[in-house]
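# Summary of structural features
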Amino acid sequence: MRWIWIDRFIEFESGSHAKAIKNITLAEEHLHDHFPGFAVMPGSLMIEGMAQTGGILLGETNQFEQIVILAKVPNVSFHSWACPGDTLTYTAKLTDVREEGGVVQCVAHVGDRLVAEAELIFVHLDRDDPELGAIDQKSFVFSTNLLSVLDVGRAGDGSAPSRLAG
Amino acid sequence: MPTTEEIYVKVRETLVDALGVDDDEVTAEATLGGDLGAESIDFLDIVFRLEKNFSVKIPRGELFPENLAAADSSFVEDGMVTESGIAELRQRLPHADIDTLAANPKVENIPDLFTVQMIVNFVESKLADEG
């Protein structure tokens, strides 16, 4: 399994906002334990999905030159839940970008229903920082793998004959 | 230009939001780390919020300088801040109560310079500069 908690971007306005979706499925192992008989997407993973949406939005402002990590979640509220079969839409707005990092306001919806909202603070790390080696790679908001989510959709929607089909 | 009291009230709101502390914990003398439990990332959060709440620009390191004690090896000797270190602190943290530190210049007392009052002083001079 890959640590990728968004499926694709459906909107991306550089330096402003982005929308990403996450389709929830019972193929996800953890939903069978969270909870038995009542499968709901864990709130912590929704925060991760919002952080990946917002982290890529922030990282893109400087062409991913700096490493972006989620540093603090000052506020988060859950208003509802999301189940297998639901599509979560994460909408992230960049409210502050500085040399040291940035702030993102994010909301999660299933259809029109508000599921969660959060404020996320990210910091920039210098790739040349000698202390970087001590940092857990898993905490990085984006990595080569995560950025592959930006490629999703390039295959098209199947309505046009692809080069391979011919 | 807001009064000192108005600035204090807004600084208190800022710290309540950033640190999740209660109003009454945010006294003028409260230290950010020791009394209010601020960790390194919280200092960045505080700067973000101060900028927004007071509509000012706070360049990196201006309110919370980095690597204070490590900047020069002559600033610290046997766990005590030297006279040149105190002079440096007066320059880099003009809004902090350096006199109290000078009376007991242990290195571990440096974080106590970061008080609520220091932020109020900083914002007040910042707003005055921007006129």
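A brief structural summary. Per chain, residue numbering runs from 1 following the sequence as it is written. Note on labels: chains are lettered from A, ligands numbered from 1, in written order. Reporting in this predicted model follows two pLDDT cut-offs: at least 70 for local features of residues, and 80 or more for side-chain atom pairs to be given and counted; totals over whole chains, interfaces and linings ignore these cut-offs and use all residues. Each side-chain value is worked out from all heavy atoms of the structure, with water and hydrogens disregarded.

### As for the packing of aromatic side chains
Working definition: an aromatic ring pair is given by the centre-to-centre distance plus the angle between the planes. Two aromatic rings, drawn from Phe, Tyr or Trp (for Trp, its six-membered ring), form a pair once their centres lie within 6.5 Å of each other, and the interplanar angle then sorts them: stacked below 30 degrees, edge-to-face above 60, tilted otherwise. Summed over the entire model, instances satisfying the criterion amount to 6 aromatic pairs over all chains. Taking 5.3 Å as the distance between ring centres and 80 degrees as the angle between the ring planes, the aromatic pair formed by Phe9 of chain A and Phe12 of chain A counts as edge-to-face. A simple rule labels every residue: compare its accessible area, found with a 1.4 Å probe on the protein chains alone, to the largest value its type can have, and call it buried under 20%, exposed over 50%, or partly exposed in between. When its relative accessible area of 15% is taken as the criterion, Phe9 of chain A is described as buried. Residue classification places Phe12 of chain A among the partly exposed residues on the basis of a relative accessible area of 31%. Site record: aromatic cluster; members linked through ring pairs are Phe43, Phe64 and Phe114 of chain B. Should the NZ of a Lys or the CZ of an Arg lie within 6 Å of a ring centre and within 35 degrees of the ring normal, that charge is described as sitting over the ring. The ring of Phe54 of chain B is capped by Lys10 of chain B, whose NZ or CZ atom sits 5.1 Å from the centre of that ring.

### Some words on the state of the cysteines
Residues and elements named next belong to chain A. Here, the term disulfide refers to a pair of cysteine sulfur atoms separated by no more than 2.5 Å. Within this structure, the stated rule accounts for 0 disulfides over all chains. Looking at the unpaired Cys83, the closest cysteine sulfur is the one in Cys106, lying at 20 Å. Its relative accessible area of 23% is what places Cys83 among the partly exposed residues. A relative accessible area of 2% means that Cys106 is categorised as buried.

### Looking at the interface of chain A and chain B
Any two residues whose heavy atoms approach within 4.5 Å at even a single point are treated as in contact. Of the residues lining the interface, 15 residues belong to chain A; the matching set on chain B comes to 12 residues. Values labelled buried area give the accessible surface lost by two parts on being combined, using a 1.4 Å probe and summing over both. Taken together, the two surfaces of chain A and chain B that pack against each other cover about 1100 Å², and 53% of this comes from carbon and sulfur. When the buried surface of chain A facing chain B is broken down by residue, Lys72, Arg98 and Glu100 of chain A rank first, second and third, together holding 47% of it. Throughout this description, the term salt bridge denotes a Lys or Arg side-chain nitrogen within 4 Å of a carboxyl oxygen of Asp or Glu. The interface formed by chain A and chain B contains 5 salt bridges. We note a salt bridge from Glu119 of chain A to Arg49 of chain B, for which the minimum N-O separation is 3.1 Å. Polar contact is the term for a pair of N or O atoms within 3.5 Å; when the atoms are in protein, one must be able to donate a hydrogen and the other to accept it, and sequence-neighboring residues count only if both atoms are side-chain atoms. Put simply, chain A and chain B have 7 residue pairs in polar contact (both at pLDDT 80 or more) between them. Partitioned by chemical class, the residues of the side of chain A that touches chain B number 6 nonpolar, 3 polar and 6 charged. Note on residue categories: nonpolar means Ala, Val, Leu, Ile, Met, Phe, Trp, Tyr, Cys or Pro, charged means Asp, Glu, Lys or Arg, and polar means any other residue, Gly included.

### Some thoughts on the sheet that holds strand β1 (residues 8-13) of chain A
A pair of strands is treated as paired once DSSP finds two or more bridges between them. The numbering of helices and of strands both runs from the N terminus, where a helix is a DSSP run of H or I of at least 4 residues and a strand a run of E of at least 2. Spatial ordering of the open sheet is given by β1-β2-β4-β5-β6-β3 (chain A), a layout of 6 strands whose pairing is antiparallel. The open sheet terminates on both sides in strands that have one partner only, identified here as β1 and β3 (67-78) of chain A. Each strand axis lies, on average, 20 degrees off the axis of its neighbour in the sheet, ignoring direction. Lying on the sheet, helix α2 (residues 40-54) of chain B is in contact with β3, β4 (87-97), β5 (101-110) and β6 (113-125) of chain A; it crosses β3 of chain A at an angle near 70 degrees. Convention adopted: a line fitted to C-alpha atoms gives each axis, helices being fitted over their contacting stretch, and angles between N-to-C directions are expressed from 0 to 180 degrees.

### Structural notes on helix α1 (residues 43-60) of chain A
Between its first and last C-alpha, α1 of chain A extends 26 Å over 18 residues, near the 26 Å set by a 1.5 Å rise per residue. Within α1 of chain A, 15 of the 18 residues are buried, which leaves the element mostly enclosed by the surrounding structure. The span you would expect from a helix comes to 1.5 Å times its residue count less one.

### Some remarks on the pattern of salt bridges
Side-chain pairs of opposite charge can arise where the charged atoms are in close proximity. Evaluated as defined, the whole model comprises 15 salt bridges over all chains. Note that Arg60 of chain B and Glu99 of chain A form a salt bridge whose closest N and O atoms lie 3.2 Å from each other. Separated into two different chains, Arg60 of chain B in the loop between α2 and β1 (76-77) and Glu99 of chain A in the loop between β4 and β5 make up a pair that spans both. When its relative accessible area of 42% is taken as the criterion, Arg60 of chain B is described as partly exposed.

### Let's talk about the pairing of β5 of chain A
Working note: regular strand, side chains alternate between the two faces of the sheet. Residue and element names in this part refer to chain A. In terms of residue burial, β5 counts as a mostly covered element, since 7 of its 10 residues are buried. Taken together, the 9 bridges between β4 and β5 define a ladder with antiparallel strand orientation. Note on β5: the bridge partner recorded for Thr91 is Val107. The antiparallel pairing of β4 with β5 creates a hairpin that spans 3 residues between the two strands. For β5 and β6, the ladder comprises 10 bridges, and the chain directions are antiparallel. If you follow Val107 over to β6, its bridge partner there is Glu117.

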